[in-house]
Each structure stands twice: as C-alpha cells, then as structure tokens.
Amino acid sequence: MNEDVLHTIRLARAYCVEKLIWFAPALYQCEIILTEQVPIAAIDRNYNVYFNPHPIRALREKTTLEEAMQQIGFLWIHEISHELRTHADRAQDLKAIHKKWNIAADLEINDGYWEGLKMPVLFPGLLPNQFKLPDGKLAEWYYLEFDKNDELRKKIKQYIADCGYDEWNEGS
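The shown structure was predicted, so the numbers you read here are calculated from the model rather than taken from an experiment. (Residues numbered from 1 in each chain as written. Predicted model: local features only at pLDDT ≥ 70, side-chain atom pairs only at ≥ 80, totals over all residues. Heavy atoms only, no water.)

Peer 1: Can you tell me about the overall build of the protein chain, naming the residues and giving the values?
Peer 2: When helices and strands are tallied, the protein chain shows eight helices and three strands. Mapped from its N terminus to its C terminus, the protein chain presents α and β elements in the order α-α-β-β-β-α-α-α-α-α-α. Taken over C-alpha atoms, the radius of gyration comes to 16 Å for the protein chain, in line with the 16 Å a tight globule of 172 residues would show. For the protein chain, the C-alpha atoms occupy an extent of roughly 45 × 30 × 25 Å along the three principal directions. (Helix = DSSP H or I, 4+ residues; strand = E, 2+ residues; numbered from the N terminus. Rg over C-alpha atoms; globule rule 2.2 N^0.38 Å.)

Peer 1: Which residues make up the packing of aromatic side chains, and what are the values?
Peer 2: Each aromatic ring pair is specified by the distance between its two centres and by the angle formed by the two planes. Summed over all chains, the structure comprises five aromatic pairs. Between W22 and F23, the aromatic rings sit 6.2 Å apart at their centres with planes inclined by 40°, giving tilted as the arrangement. Relative accessible area serves as the criterion here: at 58%, W22 is assigned to the exposed category. Seen from the ring of Y143, K100 lies directly overhead, with NZ or CZ sitting 4.5 Å from the centre. (Phe/Tyr/Trp six-rings, centres within 6.5 Å; stacked < 30°, edge-to-face > 60°. Buried < 20%, exposed > 50% of the residue type's maximum accessible area, 1.4 Å probe, protein only. Lys NZ or Arg CZ within 6 Å of the ring centre and 35° of its normal.)

Peer 1: Lay out the nonpolar core in plain terms, naming residues and giving numbers.
Peer 2: The tendency in soluble globular proteins is for nonpolar side chains to be buried side by side. Counting residues in each nonpolar core, the largest one holds 34 residues, and the members touching the most others are L27, F51, W76, I77, I80, W114 and L117. The set of elements that each furnish at least two residues to this core consists of α1 (3-19), α2 (24-29), β2 (41-43), β3 (48-51), α3 (53-62) and α4 (65-84). Residues in contact with L27, not counting those within four places in the same chain, are R13, C16, V17, W76, I77 and I80. In terms of nonpolar packing, the next biggest core, distinct from the first, is built from 18 residues, I97, A139, F146 and I160 among them. (Core = buried A, V, L, I, M, F, W, Y, C linked by side-chain atoms within 4.5 Å. Contact = heavy atoms within 4.5 Å.)

Peer 1: An account of the sheet that holds β3 is requested, with residue identities and associated values reported.
Peer 2: Strand order in the open sheet formed by three strands is β1-β3-β2, and the pairing between neighbours is mixed. Among the strands making up the open sheet, the edge pair consists of β1 (31-34) and β2. Pairwise comparison of adjacent strand axes, ignoring direction, gives a mean angle of 20° for this sheet. The pairing of β1 with β3 spans four bridges and is parallel. Paired with I32 across the two strands is V49, which belongs to β3. Together, β1 and β3 form the strand contacts of α1, whose direction differs from that of β1 by roughly 145°. (Pairing = 2+ DSSP bridges. Axes fitted to C-alpha atoms, helices over the stretch in contact; angles between N-to-C directions.)

Peer 1: Describe the environment of N129, and please don't skip the residues or the numbers.
Peer 2: Examined against the element boundaries, N129 turns out to sit in the loop between α6 (98-110) and α7 (139-148). Residue classification places N129 among the exposed residues on the basis of a relative accessible area of 54%.

Peer 1: Quick rundown of the pattern of salt bridges? Include the residues and the values.
Peer 2: Throughout the structure, instances matching the rule amount to nine salt bridges. Salt-bridge contacts for R57 lead to D4; the nearest nitrogen and oxygen are separated by 3.9 Å. On the criterion of sequence distance, the pair formed by R57 in helix α3 and D4 in helix α1 is long-range, its members being 53 residues apart. Under the relative-accessibility criterion, R57 is labelled buried at 13%. Across the salt bridge formed by R90 and E108, the nearest N and O atoms sit 2.8 Å from each other. One end of the pair, R90, is in helix α5 (residues 87-94); the other, E108, is in helix α6, with 18 residues separating them in the sequence. (Salt bridge = Lys/Arg side-chain N within 4 Å of Asp/Glu carboxyl O.)

Peer 1: Go over the environment of W101 with me, naming the residues and quoting the values.
Peer 2: On the secondary structure map, W101 appears in helix α6. Looking at W101, the relative accessible area reads 5%, which means it is buried. Sequence spacing of W101 and F146 is 45 residues, and the spatial spacing of their C-alpha atoms is 10.0 Å. Setting aside anything within four residues of it in sequence, one finds W101 in contact with H87, R90, A91, L94, A96, A139, E140 and Y143.

In structure tokens:
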C-alpha cells in the first residue's frame, strides 16, 4: 500500500530536479524513509528524509498530480534546505532549544520562493508574516527575536502548544 506513496515521493523528487536543477546532487543523495514517527516530513544529518505516508497520500488524493508534485516538491526542498543551510550545526553553536530553533529555521526557509513549487495547502508551514516578522532573515535572528518581544514569545509558545508539543524549556 505504501508503494504508491513511495512512487509519489520519488516522482516529486524528480519534479524538483526538473524545476531546480542545482538541488539535484543533494536530492538524489537522500534516502527516503516512510514512517509515522514524523508529522509530515523530516531530515537527519545523514540525508535520510522521513515522510509520513498519510499526509503524502492525502495530498495526492485531494489535489491534481501537478499540484501534488508542486506541494510535495516544496516539502523536499524545505527538508533538504535544513541540511544545506547547516541548521543542526548552527543550532548547536547557539545552544538553541530544539523546538524554538526549528520554528526559527522554518521561518528562514519558508519565506523563499522556488519556481514551480508551492507550500502544501493541507498543512501550510510557518511564514514570518504570521508573526509580524520580516522576510529574509536568518534563523538566528528569528530565534533571538522570539525572546525580545513578549507578544511574539507568547504567539510562538501558543503555536508550540497548539501543535501538541511540550513547551520549550526556559533553561539553556
């Protein structure tokens, strides 16, 4: 049953390469792993990309093939961008709190524009303007900004709670 999902993910990767050729080496370095242990998708330092088959199947069933390729392609580029931008190393350098850092890193990535790709409609990602923040900043800037503004800090904490995550640890 997951063969159709795996086929869709592979097709979306090829679609990305067709649209954004410079991502090809990184995209084809990735191993695809299907798991329900991630909400939608994730990547690790070894270029393993984890996809939850349920959201992928939902995207494929509720959109045209072209829309599915644009939206799953966005997920591919989003995940690979975490590694290409060395987000894990940068978080370590900052001694960042994981969930808070991941939001900042997502803001850094999601404000970009990639020809032929679209953020998934069924599960849109975070954008800086949702928090009244400017586009084009680095994750470090967003991360530090969260603590400078009480209203923003509350919004981020509320977002984390709404997603069902534990609140971030206030310690180091």
